[in-house]
Amino acid sequence: MTDFININPPSGELPEEPSKDFPWRGIVEGFAWVMLLAAFIIGQIATRPDYESMLKEALPGDVLIRSEVNTTLPVVYQVEGSEDVVIMAEGEGYGGPLVVGVRARKSDEGGRLAEVLMLSHKESPAFMERLRRGHFFKQFGGKDVSDDFIVNHDIDAVSGATISSRGFTSTVREAVHLGAVNHLGLKPDWKQPGWVFGVEEAVLVMLFILAFIAGYHNGKFAKTAKLIVMVGALVFVGFYANASLSLASIAGILMGYIPAPQQHPMWWIMMIGVLGSIVILGRNIYCQQICPFMVVQDLAQKISGVKLKIDSRFQKRARTLIFFLSWVALMLIFLTAHPALGSYEPFAMMFSLEGLGIQWYILPASLLGSFFVPRFWCRLFCPVGLYLNELVRLRRRVKGWFTKTRKQGS
Amino acid sequence: MTKKRKDKPWHLKVTGTLSIVMLFLIFGFFYQSFEEMLKIAPLQVAIERINAPEVNKDPDN
């Protein structure tokens, strides 16, 4: 049976608060928070692109006349001297908002999608590469404007980049159909996309249910459930969906990049499952069972059979180190307003085998560490684990405060 | 009575070395991201451009 290593110390043995004899701690922490806030504000102001200029630069031969005086997207432009319309719309990808410009051309059958321009996105380079290699974008060229533009219906998603595929498709759909109705005079007889709750979402819900059961019960069934969850996490959450939580996910939430539940139910299931386990059970089920990279590390450790112990003082220092690393990462993310740029974790690369530059070395180094030190990455470098454990700690404090208040009242 | 396991110095050395290597790599990643950040042009146009396949413009062919 799999040997489970709890990276959450048992109740009452959470790492001690750092000693208060360091006089500069408050100042350093305060400075770090101010810097983060400043980076966030600068990033929001400085990285706000002028999409109209971008669109005009992308179409240098055309004179675009804005049809409506909208301050928000979508915006429609008539192309002077032709019956073409260009529509610019915004949608949600995996990493954050994405903006597309589509050019619809009148034809005998109604209209045709003549050109699609992706003007801005927040996807990681690995995801974009996956979409390109999967020939995802080519599916849009020449499509009829009255097509449905629904993933897994008339557009094929690329596995491992499903949310990005859906986000791009729905943004193009919104733009194209707007142009088709308002400017090409077509009747909206296309299929409306419904909730995309399919097999993938059901599998993720099942994994969380099993993980909850395993968290509440002991015994043979609980052990079997844990084993099923771990295999499911590796195969499904990791290799199939590539949906590991990362610092980019946390930063995305902080920046308000929250996808619509109809479009990305998997994101919502993941968040509700992870936070629900903390609130209801008081346990970090994600790190203990759902995280696919944890399973990979356990496998590496099983293969080597070596279990080096981490010095307790070293482990305490590691907590501070992770806070510092995540602070640097968040600074980068906030300044660029691009969550993927600061996410230093090897998860996405592990399960997609797509990476850039030094990412190719971080993955093997973290796996090498796991050969010698159980859950090397989780215990010494993972920001997601640290923040989720902090939430567990907060939940215990709140619960303790409630219990104390109730006792005092009675 | 539970026996408290003593920390072995060589465990710390190996873990420390691996951690330092990882730290170098992570800071390398930050540097790489920082360079990427500087590269981002104020106008980054058409990250991906999809053109419809050329239709036959000549009705005789």
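Residues numbered from 1 in each chain as written. Chains lettered and ligands numbered in written order. Predicted model: local features only at pLDDT ≥ 70, side-chain atom pairs only at ≥ 80, totals over all residues.

(A) Looking closely at the overall build of chain B. Looking only at helices and strands, one finds one helix and one strand in chain B. A total of 61 residues make up chain B; the buried ones form 16% of that total. (Helix = DSSP H or I, 4+ residues; strand = E, 2+ residues; numbered from the N terminus. Buried ≥ 20, exposed ≤ 12 C-beta atoms within 10 Å, placed from the backbone.)

(B) Main features of the overall build of chain A. Along its length, chain A carries 15 helices and five strands. Principal axes of the C-alpha set define a box for chain A whose edges measure 75 × 55 × 50 Å. Taking all contacts inside chain A whose residues are at least 6 apart in sequence as the whole, residues at least 24 apart take part in 71%. (Contact = placed C-beta atoms within 7 Å.)

(C) Seen up close, the nonpolar core. Residues and elements named next belong to chain A. Counting residues in hydrophobic clusters, the biggest one holds 79 residues, and the most contacted among them are Ala211, Val229, Ala233 and Ile290. Ranked by residues supplied to this core, first place goes to helix 11 (residues 312–336) with nine residues. Inspection of this core shows a minimum of three residues originating in each of domain 1 (25–44 + 197–409) and domain 2 (51–182). Ignoring anything within four residues of it in the chain, the contact list for Val229 reads Leu207, Leu210, Ala211, Ala214, Gln289 and Ile290. Formed by 36 residues, the second largest nonpolar core is a distinct cluster that contains Val99, Leu119, Val145 and Val176. (Core = buried A, V, L, I, M, F, W, Y, C linked by C-beta atoms within 7 Å. Domains from an automatic or database assignment.)

(D) Main features of the packing of helix 8 (residues 265–281) of chain A against helix 15 (residues 383–409) of chain A. All names here are of chain A. Their axes nearest at 9 Å, the elements helix 8 and helix 15 cross at an angle of 30 degrees. The orientation of helix 8 relative to helix 15 falls into the category roughly parallel. Every pair of crossing elements has a handedness; the one defined by helix 8 and helix 15 is right-handed. On the side of helix 8, the interface is formed by Val274, Ile278 and Val279, while helix 15 contributes Leu388, Leu391, Val392 and Arg395. Its residues assigned to classes, the contact of helix 8 with helix 15 comprises six nonpolar, no polar and one charged. (Axes fitted to C-alpha atoms, helices over the stretch in contact; angles between N-to-C directions. Parallel < 35°, antiparallel > 145°, perpendicular 65-115°, else oblique. Left-handed = near helix turned anticlockwise from the far one by under 90°. Nonpolar A, V, L, I, M, F, W, Y, C, P; charged D, E, K, R; others polar.)

(E) Structural context of the interface of chain B and chain A. Contacts between chain B and chain A engage 32 residues on the former and 45 residues on the latter. Counting residues per element, the ones that place at least two in the side of chain B that touches chain A are helix 1 (9–39) and strand 1 (48–51) of chain B. For the side of chain B that touches chain A, the element with the highest residue contribution is helix 1 of chain B, accounting for 18 residues. Residue composition of the side of chain B that touches chain A, by class: 19 nonpolar, seven polar and six charged.

(F) Layout of the confidence of the model for chain B. All names here are of chain B. The share of residues in chain B with pLDDT of 70 or more is 49%, and the mean pLDDT across the chain is 71. In the model, residues 55–61 has pLDDT below 50 throughout and makes one contact with residues more than four positions away in sequence or in other chains. Predicted complex metrics record ipTM = 0.77 and pTM = 0.78. (pLDDT = per-residue confidence, 0-100.)

(G) Local environment of helix 7 (residues 247–254) of chain A. Residues and elements named next belong to chain A. Counting buried positions over the eight residues of helix 7 gives six, a clear majority of the element. For helix 7, every residue scored as buried is listed here: Leu247, Ala248, Ser249, Ile250, Ala251 and Gly252. Elements in contact with the buried residues of helix 7: helix 11 and helix 15. With its phi angle positive at about 80 degrees, Gly256 sits one or two positions after the end of helix 7.

(H) Region of the structure containing the packing of helix 1 (residues 25–46) of chain A against helix 11 of chain A. Residues and elements named next belong to chain A. Where helix 1 contacts helix 11, the two axes come as close as 6 Å, and the packing angle between them is 25 degrees. Taken as axis vectors, helix 1 and helix 11 run roughly parallel relative to one another. Note on element contacts: helix 11 touches helix 1 through Trp327, Leu330, Met331, Phe334, Leu335 and Thr336, opposite Ala32, Met35, Leu36, Ala39, Phe40, Ile42 and Gly43. Of the residues contributing to the contact of helix 1 with helix 11, the split by class is 11 nonpolar, two polar and no charged.

(I) How the structure looks around the environment of Glu36 of chain B. All names here are of chain B. Along the chain, Glu36 falls in helix 1. According to the C-beta neighbour criterion, Glu36 is partly exposed, with 17 such atoms within 10 Å. Residues Glu36 and Lys8, spaced 28 residues apart in sequence, show a C-alpha to C-alpha distance of 42 Å.

(J) Representation of the environment of Pro259 of chain A. Residue and element names in this part refer to chain A. Relative to the elements of secondary structure, Pro259 occurs in the loop between helix 7 and helix 8. Overall, the presence of 21 C-beta atoms within 10 Å leaves Pro259 in the buried class. Separated by 165 residues in sequence, Pro259 and Tyr94 have C-alpha atoms that sit 8.0 Å apart. Once residues within four sequence positions are removed from consideration, Pro259 is found in contact with Glu92, His264 and Trp267.

(K) Structural context of the confidence of the model for chain A. With 93% of its residues at a pLDDT of 70 or more, chain A has an overall mean of 85. Below a pLDDT of 50 lies the segment residues 8–13 of chain A, which in the model reaches six contacts outside its immediate sequence neighbourhood of four places, other chains included.

(L) Examining helix 8 of chain A more closely. Residues and elements named next belong to chain A. Under the 1.5 Å per step criterion, the end-to-end length of helix 8 is 23 Å for 17 residues, consistent within 8% with the ideal 24 Å. All of the buried residues along helix 8 are Pro265, Met266, Trp267, Ile269, Met270, Gly273, Val274, Ser277 and Ile278. Turning to helix 8, the residues buried within the fold contact helix 4 (162–182), helix 5 (199–216), helix 9 (285–290) and helix 15. Backbone geometry just after helix 8 places Gly282 at a positive phi near 70 degrees. (Expected span 1.5 Å × (residues − 1).)

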